[in-house]
Amino acid sequence: MNRKCVWIVAMCLMATICVSCLEKTESNFRVTVPTYATVTYDGAGGVRLFMDERRGVVTPSAESAVKDWKDARRVYLKYDLPMLDTVYETRKYTTIIRDAHKLEVVDLVDVTGMEQLPAELGNEVVADFNFHAYRGYITIQAAAGNSSACDITCSYDRERSSGDTLFLQLHYAQKEGNWNIGDIPPTVSAEIPSFLQGQVKADNLCIVMTGKVWKDYSTKKDTVELVRTFDISRGRLTTPEYGSY
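Note that the structure is predicted; figures quoted are calculated from it, not measured.

A.B. asks: Can you break down the sheet that holds strand E9 (residues 128-134) residue by residue, with the values?
C.D. replies: The strands that make up a sheet pair up through hydrogen bonds in the backbone, lying either parallel or antiparallel. On the basis of which strands lie adjacent, the open sheet formed by four strands has the order E7-E13-E10-E9 and mixed pairing. This sheet does not close on itself; its edge strands, each paired only once, are strand E7 (104-106) and E9. Adjacent strand axes in the sheet meet at a mean angle of 30°, parallel and antiparallel pairs treated alike. The pairing of E7 with strand E13 (residues 187-191) spans three bridges and is classified as parallel. Bridge assignment links Val106 to a residue of E13, and that residue is Ala190.

A.B. asks: Quick one: what's the story with the nonpolar core, residue by residue and with numbers?
C.D. replies: Ile138, Ile140, Leu168, Leu205, Ile207 and Met209 are the most contacted members of the largest nonpolar core, which totals 30 residues. Among the elements of the structure, E9, strand E10 (137-143), strand E11 (148-156), strand E12 (165-178), E13 and strand E14 (204-214) are those that each provide at least two residues to this core. Those residues in contact with Ile207 that lie beyond four places of it in its chain are Phe131, Ala133, Ile138, Leu166, Leu168, Arg228, Thr229, Phe230 and Ile232. Ranked by size, the runner-up nonpolar core spans 15 residues in total, among them Val39, Val47, Ala72 and Ile97.

Parameters and conventions
- Residues numbered from 1 in each chain as written.
- Predicted model: local features only at pLDDT ≥ 70, side-chain atom pairs only at ≥ 80, totals over all residues.
- Heavy atoms only, no water.
- Pairing = 2+ DSSP bridges.
- Helix = DSSP H or I, 4+ residues; strand = E, 2+ residues; numbered from the N terminus.
- Axes fitted to C-alpha atoms, helices over the stretch in contact; angles between N-to-C directions.
- Core = buried A, V, L, I, M, F, W, Y, C linked by side-chain atoms within 4.5 Å.
- Buried < 20%, exposed > 50% of the residue type's maximum accessible area, 1.4 Å probe, protein only.
- Contact = heavy atoms within 4.5 Å.

All quantities given are derived from atomic positions and should not be read as evidence of function.
Have a look at this one:
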């Protein structure tokens, strides 16, 4: 066999190996991303996840790492993106759930008519906070600059929170122990108050959250009131059920 033939055979072998490797890589390729979701149950062991950010409605596959949802209502999870051209809010599909953490669901506190807020609500200063609202829940994050466990909630006044705006006051109180989900800052969820469901006449409910934060976290001398807002469609104020859509 001359050199030219040897070279052609070698190139063919290399091409075969490369194709084999690519096929193997493609079969194992995945993109795993985090998000929040509302968990629903069918009463017979079935679970369906209504994903935030309009990512669709997911049934965990048999290969999912999470088998016991522990009666969770809200979770922070990591899942494999589906191989779909488009995913709408109502799109149902099955995918692998790689990990999930149960979020605490807290009660928003109705302080209507109170001249002074209850001290147990907590009024400690944080470095920052944020929130979003999907699937009938408000999800609240507080960045306190430490890893301590804490209680987080919000209060509202019905007399002020009427029409198409819900005004919330953030409450944060540090407690013993550590926050146990290292991927995210202390995070809780709360159901959107039901009294608003018949009052919202516009297309959206505007949620306004106010909290006390350090003006300069390095010095912790002065505080300021930070205001954040989020709009949620009127049709998404209630929590979903397993058979929704």
